[in-house]
Amino acid sequence: MNERVAATLREDPTMARLIDRHGPLAVEPAGDEFSRLCTSIVNQQLSTASAAAIHERFLDVLGGDPTPNLVLAADEDDLREAGLSGTKVEYLREVAAAFRDGDRELTREGLADASDDEAVAALTEIRGVGEWTARMYLIFALGREDVLPLGDLAVRKGIEQVYNDGDELTRAEMREIGDAWRPYRSYGTRYVWAEYES
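Here the structure is a predicted model, which means the values were calculated and not measured. (Residues numbered from 1 in each chain as written. Predicted model: local features only at pLDDT ≥ 70, side-chain atom pairs only at ≥ 80, totals over all residues. Heavy atoms only, no water.)

Considering all chains together, one arrives at four aromatic pairs under this definition. Ring centres 6.1 Å apart and planes at 80 degrees place the aromatic pair Y184 and Y187 in the edge-to-face group. Comparing Y184 with Y187, the two get one shared label, buried. (Phe/Tyr/Trp six-rings, centres within 6.5 Å; stacked < 30°, edge-to-face > 60°. Buried < 20%, exposed > 50% of the residue type's maximum accessible area, 1.4 Å probe, protein only.)

Here is the structure:
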């Protein structure tokens, strides 16, 4: 996290406390966008601990980091035994086919000129990639710095915990809180997650 990001976030006194508590957190593009998207699909609607365990078994089944061809060639029963639901197996195959057939169009280079909303629209055309998964992709695969994924329960709960003593806030109120972090809302999101999970 560079000084400009830190200076912007520190204008919000609550965020300044989180930065002091958790130290520098990064928002960087993933080395492999496809692999990162697979991780998001595996993690859908799971606790951090079970997601990590299932992801580990998923990699064992593939025999290494995911590639579209490895995912498409993997035995469905083996994937299900790793803890993936039949639906998630389908989603992973859909994503693998989209990356294989679309080649580079869903990568950082392919989406370089797309706005966040255009990138989300392109990603959500793939069956199994909803708004949440697409926003995770923007942050963790593409390294986009100004994403506020209010579709994420931990983000919403974290904002309520940090900014409102755990009491409920509307999404409009959350967006207003996040406005103070612009144009680095992805970093603000990472600090909210860090605090919520600590």
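Most of helix α3 (residues 33-43) is tucked away: nine of the 11 residues are buried. What α3 keeps buried is the set E33, F34, S35, L37, C38, T39, S40, I41 and V42. Its buried side turned inward, α3 meets α4 (48-62), α5 (68-73), α7 (86-102) and α9 (131-140). With its phi angle positive at about 60 degrees, Q45 sits one or two positions after the end of α3. (Helix = DSSP H or I, 4+ residues; strand = E, 2+ residues; numbered from the N terminus. Contact = heavy atoms within 4.5 Å.)

Our next topic: the packing of α9 against helix α12 (residues 185-197). Axis separation between α9 and α12 bottoms out at 11 Å; the angle between their running directions is 105 degrees. When the axes of α9 and α12 are compared, the pair comes out roughly perpendicular. Taking contact as the criterion, the partners of M136, I139 and F140 in α9 are, on α12, S186, R190 and W193. For the contact of α9 with α12, a count of residues per class yields four nonpolar, one polar and one charged. (Axes fitted to C-alpha atoms, helices over the stretch in contact; angles between N-to-C directions. Parallel < 35°, antiparallel > 145°, perpendicular 65-115°, else oblique. Nonpolar A, V, L, I, M, F, W, Y, C, P; charged D, E, K, R; others polar.)

What follows concerns unusual backbone geometry. In the segment running from R182 into P183, the intervening peptide bond is cis, with an omega of 0 degrees. Within the fold, P183 resides in the loop between α11 (171-179) and α12. Although it is not a glycine, D165 adopts a positive phi angle of roughly 50 degrees. Its place among the elements puts D165 in the loop between α10 (153-164) and α11. Relative accessible area serves as the criterion here: at 75%, D165 is assigned to the exposed category.

It is worth spelling out the pattern of salt bridges at this point. Once their charged atoms are close, side chains differing in charge can pair, the charge on each being opposite to the other. Using the criterion set out here, one finds 12 salt bridges in the structure. Notably, a salt bridge pairs D146 with R182, separated by 3.7 Å at the nearest N-O pair. One end of the pair, D146, is in the loop between α9 and α10; the other, R182, is in the loop between α11 and α12, and 36 residues separate them in sequence. One salt bridge in this structure joins D146 and R185, with 2.9 Å as the shortest N-O distance. With D146 in the loop between α9 and α10 and R185 in helix α12, this residue pair connects regions lying 39 residues apart in the sequence. Each member of the salt-bridge network shares a partner with another, and the members are D146, D179, R182 and R185. (Salt bridge = Lys/Arg side-chain N within 4 Å of Asp/Glu carboxyl O.)

The domains assigned to the protein are domain 1 (3-27 + 148-197) and domain 2 (33-141). Placing the centre of domain 1 and that of domain 2 at their C-alpha centroids yields a distance of 26 Å. Each partner contributes to the roughly 550 Å² buried at the junction of domain 1 and domain 2, and carbon and sulfur atoms together form 76% of this total. In terms of surface lost to domain 2, no three residues of domain 1 exceed P149, D152 and W193, which account for 51% of the buried area on that side. At the boundary of domain 1 and domain 2, one finds zero salt bridges. Looking at the side of domain 1 that touches domain 2 residue by residue, the classes come out as three nonpolar, two polar and three charged. (Domains from an automatic or database assignment. Buried area = accessible area lost by both parts, 1.4 Å probe.)

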